[in-house]
Amino acid sequence: YIVGDFLVSCLKWRELKKKLTEAGQRLLWKKKEDDKDGIITALEEQKTIIKNLRHVKIQVIRCLLFILPAINWSLPNWATDPWLSEPVVNGLMLGEAYTCVYQSIRNICG
């Protein structure tokens, strides 16, 4: 699941970067035409894309922080002979939790 989420997020990141480039080109075209309403619309579109791009980047970070503990916990003898030490797992999960809280706050605040 985590690898799938990571891959989907990377594909979404790529798609949003392409959309951001296209929106930037539209903005330049609207500025060249001196279309004030078009400029405002293009700027709002860029702002929305940047917000979505930031969300995807944070999601990628969360996936990367969670993948090693997930592998550790999926091993047959993870409780008796863990691959990662407990402080490492706890540190990664704490980082993922803080990132999740930050992501939620960013979504609420805009």
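Along each chain, residues carry numbers from 1 onward, in the same order as the chain's sequence is written. Local features in this predicted model are restricted to residues whose pLDDT is 70 or higher, and side-chain atom pairs enter the listing and the counts only when it is 80 or higher, whereas totals over whole chains, interfaces and linings include all residues. Hydrogens and water molecules were not included; the side-chain quantities draw on all heavy atoms of the structure.

Q: Provide a residue-level description of empty space enclosed by the protein, including the pertinent values.
A: Method remark: on a 1 Å grid restricted to protein atoms, a set of points is classed as a cavity if a 1.4 Å probe fits but cannot get out and as a pocket if it is open with protein on both sides within 12 Å along at least five of seven lines; lining residues have an atom within 4 Å of a point. Grid points are joined across faces, edges and corners, and a volume is the space filled by probe spheres set on the points. Here the structure, examined in full by the defined rule, presents one cavity of 30 Å³ or more. If you add up the space inside the largest cavity, you get close to 50 Å³. In this structure, the largest cavity is lined by Lys51, Arg54, His55, Ile58, Gln103, Arg106 and Asn107. Mapped by element, the contributors of at least two residues to the lining of the largest cavity are α2 (36-74) and α3 (86-109). Among the elements that take part in the lining of the largest cavity, α2 stands out by supplying four residues, more than any other. Note on conventions: DSSP H or I runs of at least 4 residues are helices, E runs of at least 2 residues are strands, and numbering of each starts at the N terminus.

Q: Describe in detail the packing of aromatic side chains, supporting the description with residues and values.
A: Between rings of Phe, Tyr and Trp, where Trp is taken as its six-membered ring, a pair exists when centres lie within 6.5 Å; planes separated by under 30 degrees are stacked, by over 60 edge-to-face, and by other angles tilted. Counted by the stated rule, this structure contains one aromatic pair. Plain terms: the ring middles of Phe66 and Trp73 are 6.2 Å apart, the flat faces sit at 70° to each other, and that makes the pair edge-to-face.

Q: Tell me what's going on with the packing of helix α1 (residues 2-33) against α2, and back it up with residues and numbers.
A: Running from N to C, α1 and α2 cross one another at 160°; their axes reach a closest spacing of 8 Å. Classified by the angle their axes make, α1 and α2 are roughly antiparallel. At the point where α1 passes α2, the crossing takes the left-handed sense. In terms of residue class, the contact of α1 with α2 is made up of 22 nonpolar, six polar and nine charged. Every axis corresponds to a line fitted to the C-alpha atoms, with the helix fit spanning only the stretch in contact, and the corresponding angles, defined between N-to-C directions, vary from 0 to 180 degrees. The cut-offs work like this: below 35 degrees is roughly parallel, past 145 is roughly antiparallel, 65 to 115 is roughly perpendicular, and the gaps in between are oblique. Each crossing is labelled by how the near helix is turned from the far one, with a counterclockwise turn of less than a right angle marking it left-handed and a clockwise turn marking it right-handed. When residues are sorted by character, Ala, Val, Leu, Ile, Met, Phe, Trp, Tyr, Cys and Pro go into the nonpolar class, Asp, Glu, Lys and Arg into the charged class, and all the rest, Gly among them, into the polar class.

Q: Tell me about the side chain of Gln46, and name the residues and values.
A: Here Gln46 shows up in helix α2. Type-normalised accessible area, obtained with a 1.4 Å probe on protein chains alone, sets the label of each residue: buried when under 20%, exposed when over 50%, and partly exposed for intermediate values. Judged by its relative accessible area of 17%, Gln46 is buried. The contact criterion used is simple: two residues touch if any of their non-hydrogen atoms lie within 4.5 Å. For Gln46, the residues in contact, after removing those within four places along its chain, are Leu20, Ala23, Gly24 and Leu27.

Q: Could you give an account of the nonpolar core, with specific residues and numbers?
A: Residues enter a nonpolar core if they are buried and are Ala, Val, Leu, Ile, Met, Phe, Trp, Tyr or Cys, with the set joined through side-chain atoms within 4.5 Å. In this structure, Leu16, Ala23, Ile49, Leu53 and Val56 together form the largest nonpolar core, which totals five residues. Every residue in contact with Leu53, bar those within four places of it in the chain, is listed here: Trp13, Leu16, Lys17 and Leu20.

Q: Which residues make up the confidence of the model for the protein, and what values go with them?
A: pLDDT is defined as a per-residue confidence score from the predictor, taking values between 0 and 100. Mean pLDDT for the protein: 92, with 100% of residues reaching 70 or above. Averaged pLDDT values over the elements of the protein bottom out at 92 in α2 and peak at 94 in α3.

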